[in-house]
Amino acid sequence: MNIFVCVKQVMARDSVLRPNETGTWAVDDGVSFEMNEPDTFALEEALRLKERHGGEVVAITAGPARSASTLREALAKGADRAIHVEGNRYVESDAYATAQALAAAIRREPHDLVLTGLQSDDAGFGQTGVILAELLELPHATIIMEIDASGGQLRCKRELEAGWFQTITLPRPALLTIQSGINKVRYATLMGIKRARRKPFRRYSPDELGIGEPVHQRVRSLYQPRQSKQTEFLEGSSQEVAAKLLNKLRFEARVL
Amino acid sequence: MSVLVVTEQAGGKWHRMSFECLAAGQAAAGAMGCPLAALVAGSGVGDLAADLSAKQVSEVIALDDPVLGTYSPDGFAEALRQAVEQIQPRLVLFPHTYQVRDLAPKLAASLGRAFVSDAVGIRFERDGPVFVRQLFQGKLHGDVVVDGPPPYFASVQSGAFRADSVVDGEAPASVRFLDLALAPSMVRTSSEPPFQDAKDAVDLGSADIIVSVGRGIQDPANIPQAQALATALGGELAASRPICDNGWLPLDRQIGSSGQTVSPNLYLALGISGAIQHVVGMKGAKTIVAVNKDRGAPIFEIADYGVVADLFEIVPALVKARGEVE
Ligand SMILES: Cc1cc2nc3c(=O)[nH]c(=O)nc-3n(C[C@H](O)[C@H](O)[C@H](O)COP(=O)(O)OP(=O)(O)OC[C@H]3O[C@@H](n4cnc5c(N)ncnc54)[C@H](O)[C@@H]3O)c2cc1C
Ligand SMILES: Nc1ncnc2c1ncn2[C@@H]1O[C@H](COP(=O)(O)O)[C@@H](O)[C@H]1O
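Nothing here was measured: the structure is a model prediction, and the numbers come from that model.

Student: Which parts of the structure should I look at to understand the overall build of chain B?
Tutor: Tallying secondary structure elements over chain B gives eight helices and 18 strands in all. The C-alpha extent of chain B, read off along each of the three principal axes, is 70 × 45 × 40 Å. Looking at chain B as a whole, 60% of its 326 residues are labelled buried. In chain B, 63% of the contacts between residues at least 6 apart in sequence involve partners at least 24 apart. Element-wise, carbon and sulfur atoms account for 50% of the exposed surface of chain B, whose accessible area totals about 12300 Å². Placing the 25 positive and 36 negative side-chain charges of chain B at their respective mean positions leaves the two points 4 Å apart.

Shown next as structure tokens:
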């Protein structure tokens, strides 16, 4: 099986965020970056499918130069090759433009299965995978919690709302978006990190892939959310805060 | 040019968010001064179409076809694509459900258009709609605009509009069944009926007090500290999704869109950031307390009482103080 897994580099979870000067994205100087957490589950799933059924895992990203380190991480964990569609435009790009870049690179090669995470922790479109399927003319299923690729078709467990599930069957090739928690992700070993240096790493510019700069939706201004409730913040030592809180819950909110 | 609201149903039953979306549609049509059409898709949807026609809408659009009897992304995206081409709406609104996540990006992409997902608000300016979205896991909000000509596609977040604000119509609106060219062979996937993994063992829905832990709890070895607080308060222990994903607490204690929805008198969120998928499951609580070391965590937007601190200092102090009171 030729498995492509789409991974995005995002700012680390605990980053302190403030809008940049143009108000279109968050300031990223001095911030550390990591693989979008949902994509770690997609990568792990790709590696397991390969271990079970053979084939190759190709990690692919669209992003600025720095996002190469996220591809290196995927290689260290066991991906066989990496593809980097490199461009600063992919920092703030919308899901359609990103999917277009990924599609242009994936289309050039045989692919049996394309995996993405469910959602990016920064832009949070929750769309790139589905658009990519449409551009590649692949059937898709989203929010996948289990994949059975032992037959000619793919049988997948799809999460529905409120604790319900359903089984979806798709022909191959197909695209699946993977729900967090589907597996336990592995860590890269020292050996893996060493090996990663020698693995094939293909870089494309958007020009080489013949893609323009389609902008469909963009952030015009970014700001701190407005409070929807008047929160009363309690301050003091832990003991003081605990006493105040219990007091408020008993006599003000009357819920204890 | 109109506003088109795409509702959602399964097996003849409404998805509750359909009417939140209809409320958004009524507001949008009012602001844009244009007609509102409400659409229902499925097989045998006459009764559902009649429900919609009782609301204040200009017309009801029914997509009724055996191919739409069960949901498939191929069938529904194609049916809606044909409907959009016939109706030529200016704005197409969906509720942000799992089905819409599966469907709307495909539909919009097939028409070469953008889909603005999970909007918490919509404003109308001269050049077109401005959508408000959460970014960075809700830590920042953004005003989002779409370039290019209509139709604009967007979905509205659960709870962003109120279903009970939907206005009824004075007279029933007309129902229009569209002619569609669909064939079963267009659908590449097949689905089986929904199932539940385990019958909910604990029903948190009836709990008065819930102490809920998130990833701030850091290690399964720390769960007993939260349990001690739950016990001291006479409440139940619950968690955000990553805690259940990791197996630190059983799945039936997960609160949120893929877990349980609760509305206790007191919800104490410990080390939970307040992602929308968690918040939809607990924002109905009467009193919300959040303990989080990050002042910027979105959970504080909905908390009545906030404590910006390390939960490992506050929790033992609460357990101790509670013991002293009793
Ligand atoms: C389709 C879909 C469905 C989902 N369904 C659900 C669902 O049903 N339920 C759900 O919960 N999530 C769900 N999620 C996941 C959701 O988007 C969030 O990722 C999740 O809720 C985050 O959990 P968290 O707040 O525990 O972790 P994080 O977001 O990592 O937050 C941890 C918080 O703990 C704080 N913290 C860390 N250490 C401490 C400390 N020592 N003291 C105090 N505070 C500390 C941090 O500041 C941070 O705010 C779903 C996501 C998707 C896409
Ligand atoms: N720039 C990118 N490069 C590679 N994959 C991406 C990129 N952006 C999004 N994805 C994939 O698409 C998924 C959904 O992202 P989004 O649509 O932004 O929420 C992510 O989990 C990734 O798997």
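Student: Is there a simple way to explain the interface of chain B and chain A in this structure?
Tutor: The parts lose accessible area when they come together, and the size of an interface is often stated as this lost area. Counting from both sides, the interface comprises 81 residues of chain B and, opposite them, 84 residues of chain A. Together chain B and chain A conceal approximately 7300 Å² of surface at their shared face, both sides included; 52% is due to carbon and sulfur atoms. In terms of surface lost to chain A, no three residues of chain B exceed Tyr98(B), Phe136(B) and Tyr305(B), which account for 10% of the buried area on that side. For the pair chain B and chain A, the interface holds eight salt bridges. As a salt-bridge pair, Glu159(A) and Arg241(B) come within 3.0 Å of each other at their nearest N and O atoms.

Student: Just to check I follow, could you spell out unusual backbone geometry for this structure?
Tutor: Working note: non-glycine residues mostly have negative phi, and peptide bonds are mostly trans. The residue after Arg172(A), namely Pro173(A), is reached through a cis peptide bond having omega -5 degrees. By the element assignment, Pro173(A) lies in the loop between β9 (164–170) and β10 (174–178). Of note, the amide linkage connecting Pro150(B) to Pro151(B) takes the cis form, showing an omega dihedral of 5 degrees. Within the element layout of this structure, Pro151(B) appears in the loop between β9 (140–146) and β10 (152–156). In this structure, Arg254(A) is a non-glycine residue whose phi angle is positive, near 55 degrees. Tracing the backbone through its elements, the reader meets Arg254(A) in the segment after α6 (238–252). Backbone geometry places Phe136(B), a non-glycine residue, at a positive phi of 50 degrees. Mapped onto the elements of the fold, Phe136(B) is located in the loop between β8 (128–135) and β9.

Student: Which parts of the structure should I look at to understand the packing of helix α4 (residues 128–135) of chain A against helix α4 (residues 98–110) of chain B?
Tutor: In a pair of packed helices, the angle between the axes and the distance between the axes together describe the arrangement. Running from N to C, α4(A) and α4(B) cross one another at 45 degrees; their axes reach a closest spacing of 8 Å. The pairing of α4(A) with α4(B) is recorded here as oblique in orientation. At the point where α4(A) passes α4(B), the crossing takes the right-handed sense. Across from Val130(A), Ile131(A) and Glu134(A) in α4(A), the residues of α4(B) making contact are Arg101(B), Asp102(B), Pro105(B), Lys106(B), Ala109(B) and Ser110(B). Across the contact of α4(A) with α4(B), the residue classes tally to four nonpolar, one polar and four charged.

Student: What exactly am I supposed to notice about the site of ligand 1 here?
Tutor: As a matter of local geometry, ligand 1 sits amid 32 residues, with Ser240(B), Ser258(B), Ser273(B), Gln277(B) and Asn292(B) nearest to it. Around ligand 1, the neighbouring residues derive from chains A and B rather than from a single chain. Take Lys293(B): an N or O atom from its main chain is 3.2 Å from a nitrogen atom of ligand 1. Within the backbone of Leu311(B), an N or O atom sits 2.9 Å from a nitrogen atom of ligand 1.

Student: I tried to follow the site of ligand 2 on my own but got confused; where do I start?
Tutor: All names here are of chain A. The environment of ligand 2 is made up of 20 residues, and the closest members are Asp-39, Ala-62, Ser-120, Gly-126 and Thr-128. Here ligand 2 has 480 Å² of accessible area as a free molecule, and 99% of this is covered by the chains. For the shell around ligand 2, the secondary-structure elements that each account for two or more residues are β4 (56–63), α3 (95–106) and β6 (113–117). Element by element, the count of residues in the shell around ligand 2 is highest for β4, at three residues. Residues belonging to the shell around ligand 2 are distributed by class as follows: seven nonpolar, 11 polar and two charged.

What counts, and at which threshold
Residues numbered from 1 in each chain as written. Chains lettered and ligands numbered in written order. Predicted model: local features only at pLDDT ≥ 70, side-chain atom pairs only at ≥ 80, totals over all residues. Heavy atoms only, no water. Helix = DSSP H or I, 4+ residues; strand = E, 2+ residues; numbered from the N terminus. Buried < 20%, exposed > 50% of the residue type's maximum accessible area, 1.4 Å probe, protein only. Contact = heavy atoms within 4.5 Å. Areas by Shrake-Rupley, 256 points an atom, 1.4 Å probe, with all protein chains shown as cover. Lys, Arg positive; Asp, Glu negative; His and termini not counted. Charge placed at Lys NZ, Arg CZ, Asp CG, Glu CD. Buried area = accessible area lost by both parts, 1.4 Å probe. Salt bridge = Lys/Arg side-chain N within 4 Å of Asp/Glu carboxyl O. Axes fitted to C-alpha atoms, helices over the stretch in contact; angles between N-to-C directions. Parallel < 35°, antiparallel > 145°, perpendicular 65-115°, else oblique. Left-handed = near helix turned anticlockwise from the far one by under 90°. Nonpolar A, V, L, I, M, F, W, Y, C, P; charged D, E, K, R; others polar. Near = heavy atom within 4 Å. Polar contact = N/O pair within 3.5 Å; in protein donor to acceptor, adjacent residues only side chain to side chain.

Purely spatial values, then, with no claim about function.
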